[in-house]
Amino acid sequence: MKPIIAQLASRLADAFASALGVPADTIDPTIRTTTDPKFGDYQSNAAMALAKRAKTNPRQLAEKAVAAAKLDDLTLPPEIAGPGFINLRLRPEFVSQAIAAIAADERMGVEQAAAPESVVIDFSSPNISKEMHIGHLRSTVLGDVLSRVLEFIGHRVFRQNHVGDWGTQFGMLLAHLSELPAGSAAPELSDLEKFYRNAKKRFDADPEFATKARKTVALLQGGQFREQWQQFLNISLAHCQANYKRLGVTLQPEDVRGESAYNDDLPKVIEALDKAGLLQVSEGAKCVFLDGYANKEGNPLPFIVQKSDGGYLYATTDLAALRYRVATFNPTRILYVTDVRQSHHFGYMFAVARKAGFAPENVQLVHVAFGTIQGPDGKPFKTKSGENVKLADVLDEAEQRARKIVEDKNADLPEEQKQAVARAVGIGAVKYFDLSNNRISDYRFDWDQMLALTGNTAPYLQYAYSRVRSIFRKGGLSDTQVAAIANAPALAHDKERALAIHLLRFGEQLSAVLDDYRPNILTDYLYELAIRFSGFYEGCPVLKADEPTRTERLLLCHLTSRVMKQGLSLLGIDVMEEM
Ligand code: ARG
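*Asks:* Before we move on, can you summarise the overall build of the protein chain with the specific residues and values?
*Replies:* Within the protein chain one finds 22 helices and 13 strands. C-alpha extents for the protein chain along the principal axes are approximately 85 × 70 × 40 Å. Across the protein chain, contacts joining residues at least 24 apart in sequence account for 72% of those joining residues at least 6 apart. Charge centroids of the protein chain, computed over 68 positive and 71 negative side chains, lie 2 Å from each other.

*Asks:* Just give me the short version of the pairing of strand β9 (residues 300–306), but keep the residues and values in it.
*Replies:* When strand β8 (residues 285–294) meets β9, the two strands line up antiparallel, connected through five bridges. Its bridge partner being in β9, F289 is matched across the sheet by P302. Where β8 hands over to β9, the hairpin turn is made up of five residues, of which G298 adopts a positive phi near 85°.

*Asks:* Could you give an account of the layout of surface pockets, naming the residues involved and the relevant values?
*Replies:* Approximately 540 Å³ is the volume found for the second largest pocket. At the level of secondary structure, the elements contributing two or more residues to the lining of the second largest pocket comprise α1 (4–20) and α20 (506–515). Broken down by element, the residue count for the lining of the second largest pocket peaks at seven residues, all from α20. Here the residues of the lining of the second largest pocket are counted per class, giving 14 nonpolar, five polar and six charged.

*Asks:* Describe the site of the ligand, and please don't skip the residues or the numbers.
*Replies:* Taken together, D122, S125, N127, H162, Y314, D318, Y336, T338, Q342 and F346 make up all the residues around the ligand. Measuring from a nitrogen atom of the ligand, one finds a side-chain N or O atom of N127 at 2.9 Å. Here an oxygen atom of the ligand and a side-chain polar atom of Q342 are 3.1 Å apart. In isolation the ligand exposes 340 Å². Once the protein is present, 86% of that is buried. Secondary-structure elements contributing two or more residues to the shell around the ligand are α12 (314–329) and β10 (333–339). Residue composition of the shell around the ligand, by class: three nonpolar, five polar and two charged.

*Asks:* Any details on the sheet that holds strand β11 (residues 364–370)? Residues and values, ideally.
*Replies:* Spatially, β6-β5-β10-β11 is the arrangement adopted by the four strands of the open sheet, whose pairing is parallel. Of all strands in the sheet, those bounded by a partner on one side alone are β6 (156–160) and β11. Direction aside, the axes of adjacent strands within the sheet are offset by 20° on average. Looking at chain direction, strand β5 (residues 118–122) and β10 are connected through four bridges and run parallel. In the sheet register, I121 faces β10, and the bridge partner there is L335. Against the sheet, α12 touches β5, β6, β10 and β11, its axis set at about 145° to β10.

*Asks:* With reference to specific residues and values, describe the pattern of salt bridges.
*Replies:* This structure, assessed with the given rule, holds 32 salt bridges. E131 is paired through a salt bridge with K390; the nearest N and O atoms lie 3.7 Å apart. In this pair, E131 sits in the loop between β5 and α5 (137–153) while K390 sits in the loop between β12 (373–374) and α14 (391–409), placing the two residues 259 residues apart along the sequence. For the pair shown, E131 and K390 are each scored as buried. Notably, a salt bridge pairs E577 with R473, separated by 3.8 Å at the nearest N-O pair. Here E577 is found in the segment after α22 (549–570), whereas its partner R473 is found in helix α17 (residues 458–474), with 104 residues between them in sequence. Given a relative accessible area of 31%, E577 falls into the partly exposed group.

*Asks:* Could you give an account of the packing of aromatic side chains, with specific residues and numbers?
*Replies:* A complete count under the given rule lists 18 aromatic pairs for this structure. Seen in terms of ring centroids, F346 and F350 are 5.9 Å apart; in terms of plane orientation they differ by 40°. Their pairing is tilted. Of the two residues, F346 and F350 are both situated in helix α13 (residues 343–356); the distance of four residues between them amounts to about one turn of the helix. Exposure class is identical for F346 and F350. Each is buried. Just above the ring of Y324 sits the side chain of R257; from NZ or CZ to the centre is 3.7 Å. The ring of F358 has R323 lying over it, and the distance from NZ or CZ to the ring centre is 5.0 Å.

*Asks:* So what's going on with the packing of helix α4 (residues 92–103) against helix α19 (residues 494–503)? Residues and values would help.
*Replies:* Where α4 meets α19, the axes come as close as 10 Å, and the angle between the chain directions of the two elements is 55°. By the angle class used here, α4 and α19 are oblique. Crossing of α4 over α19 shows left-handed handedness. Judged by residue contacts, V95, I99 and I102 of α4 engage R497, A500, I501 and L503 from α19. Taken together, the residues of the contact of α4 with α19 sort by class into six nonpolar, no polar and one charged.

*Asks:* How would you explain the packing of α5 against helix α15 (residues 415–436) if you had to name every residue and give the values?
*Replies:* Interaxial distance between α5 and α15 falls to 10 Å at its minimum, and their mutual angle equals 80°. Taken together, the axis directions place α5 and α15 in an arrangement best described as roughly perpendicular. Touching L137, R138, V141, L142, D144 and V145 of α5 are V430, K431, D434 and L435, all from α15. Across the contact of α5 with α15, the residue classes break down as six nonpolar, no polar and four charged.

*Asks:* Outline the sheet that holds β8, listing residues and values.
*Replies:* Here we have three strands laid out as an open sheet, ordered β7-β8-β9, and antiparallel in their pairing. Strands at the two margins of the open sheet, each flanked by one partner only, are β7 (279–282) and β9. Across this sheet, the average inter-strand angle for adjacent strands is 55°, counted without regard to direction. Alignment of β7 against β8, held across four bridges, turns out to be antiparallel. Residue Q280 lies in a different strand from β8, and its bridge partner there is C287.

*Asks:* Give me the lowdown on the side chain of R325, citing residues and values where you can.
*Replies:* Inspection of the secondary structure assignment puts R325 in helix α12. We classify R325 as buried; its relative accessible area is 0%. In contact with R325, not counting residues within four places along its chain, are V120, D122, Q160, H162, Y262, N330, P331, I334 and Y336.

*Asks:* An account of the side chain of R148 is requested, with residue identities and associated values reported.
*Replies:* Along the chain, R148 turns up in helix α5. Within polar-contact distance, the side chain of R148 engages the backbone oxygen of G248 at 2.7 Å.

Calculation notes
- Residues numbered from 1 in each chain as written.
- Predicted model: local features only at pLDDT ≥ 70, side-chain atom pairs only at ≥ 80, totals over all residues.
- Heavy atoms only, no water.
- Helix = DSSP H or I, 4+ residues; strand = E, 2+ residues; numbered from the N terminus.
- Contact = heavy atoms within 4.5 Å.
- Lys, Arg positive; Asp, Glu negative; His and termini not counted.
- Charge placed at Lys NZ, Arg CZ, Asp CG, Glu CD.
- Pairing = 2+ DSSP bridges.
- 1 Å grid on protein atoms, 1.4 Å probe; cavity = no way out; pocket = protein on both sides within 12 Å on 5 of 7 lines; lining within 4 Å.
- Points joined across faces, edges and corners; volume = space filled by probe spheres on them.
- Nonpolar A, V, L, I, M, F, W, Y, C, P; charged D, E, K, R; others polar.
- Near = heavy atom within 4 Å.
- Polar contact = N/O pair within 3.5 Å; in protein donor to acceptor, adjacent residues only side chain to side chain.
- Areas by Shrake-Rupley, 256 points an atom, 1.4 Å probe, with all protein chains shown as cover.
- Axes fitted to C-alpha atoms, helices over the stretch in contact; angles between N-to-C directions.
- Salt bridge = Lys/Arg side-chain N within 4 Å of Asp/Glu carboxyl O.
- Buried < 20%, exposed > 50% of the residue type's maximum accessible area, 1.4 Å probe, protein only.
- Phe/Tyr/Trp six-rings, centres within 6.5 Å; stacked < 30°, edge-to-face > 60°.
- Lys NZ or Arg CZ within 6 Å of the ring centre and 35° of its normal.
- Parallel < 35°, antiparallel > 145°, perpendicular 65-115°, else oblique.
- Left-handed = near helix turned anticlockwise from the far one by under 90°.

Okay, here's the thing in structure tokens:
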């Protein structure tokens, strides 16, 4: 089903076009859902801006547009309010029929993309000289959700885990590794964090070791030490994969294409930049200078691609990766899910790539930026001793805390189920809390808030889901029996209608998620769905209602649970039939 908001928009665009005597594609009818049912279900405030443009009176323009609008099958006669707001209320018959249609649809009315695209999405991408820490949570979780939503809409997604597996730290690590007595490497490497710390301690304290570490980088780059390096990578990547699995993130080992994969391409990038006439030497380093990029003093800012000692940089690798992705996946968009502090890097990198012809104009390049996670005190999130908080430790604690809740709420569950619920609730809470924050904002990591059983949290939604399912089960209809219901429900009660209208918005909200890559639109949607379901259940008896209302209400319960489950699954959050 085409989203209702899109149907209304196209009808109103036509109406304004005929009222103004201009083509419809020049008009944005700015339709929004209303928060107060007093103003209908949807509202357009386009008349004000359009009237200004055409130098006419907005209220009169709204009246003319409403007179010209063909909306009868969708809405009741529109109302005009204030200076020219157009309030639209969906027709009851239309709502009933639309609900029957999405209930009969496997996709619950969510349209597939008319033109499926190939989308590359670079996410998670940790530096793997250490274990993943809390700072990697956002990229990993956001990228995963965006991948899932894109795929659900019908696009082809190429996940790219651009891990940092190259560079100077590896010299230090390999030098340390090479000095360990035979046989002790494996146990030492079981705690990468400690291994890194020990290596760094020596690097800082022992100049001889530091020299050796630097030499080791050069040797590694020259082709030696590859076996030890590979051994280190295997261990480190296995850690990442274990985190992904626990998190229920869709990244697979074959999605890893680390920085080192581009080593051979780096000289070619320099050559191509040179051919394009973009290369300049500044203080011995090879750079690109583009207009519009300046430092605070107003001096041109270089985009450095090769240092004076011949070494390449993060930026060079990113240009190589971009070329590879364009050539390999033929994408329409490439998304980079990294922290907002890298926006200058990506902005400049995209501009250089365009100039150099690495990224044709029809490939969209998007930096999907996000803010930082702060500790409960609002300061950077660190352990008591000032170290990075390991992601695996956070997940352990999440499960332990959720386990306590399960004990309190439902002590009689069999042990196995308790564990499963604790896992789903704990991990779900961490992910959902992250996703429900606007991605650009920083947020404070707050255990009590994310594990609360009321409010906009995963546990609340997971409980809401199992509650809906339990009501449905008591109704005595099977999933197949519900699917066979052919009659459109009457939806005579206000609370039924409010729930139904929200169910009809699922597809529209998913496409809004992709407009600006904001999963919090989906979390808000699901939270509102749970609230409306509660309102419905309080206001409308289900099991005790007379027929045909009873069956119609069971159908609403069933559809609600399906949308909840699908929505949470797009967020990578598990639900349970019973908790
Ligand atoms: N490894 C980088 C970091 O930890 C993130 C890489 C993001 N992707 C990229 N293509 N630059 O900050």
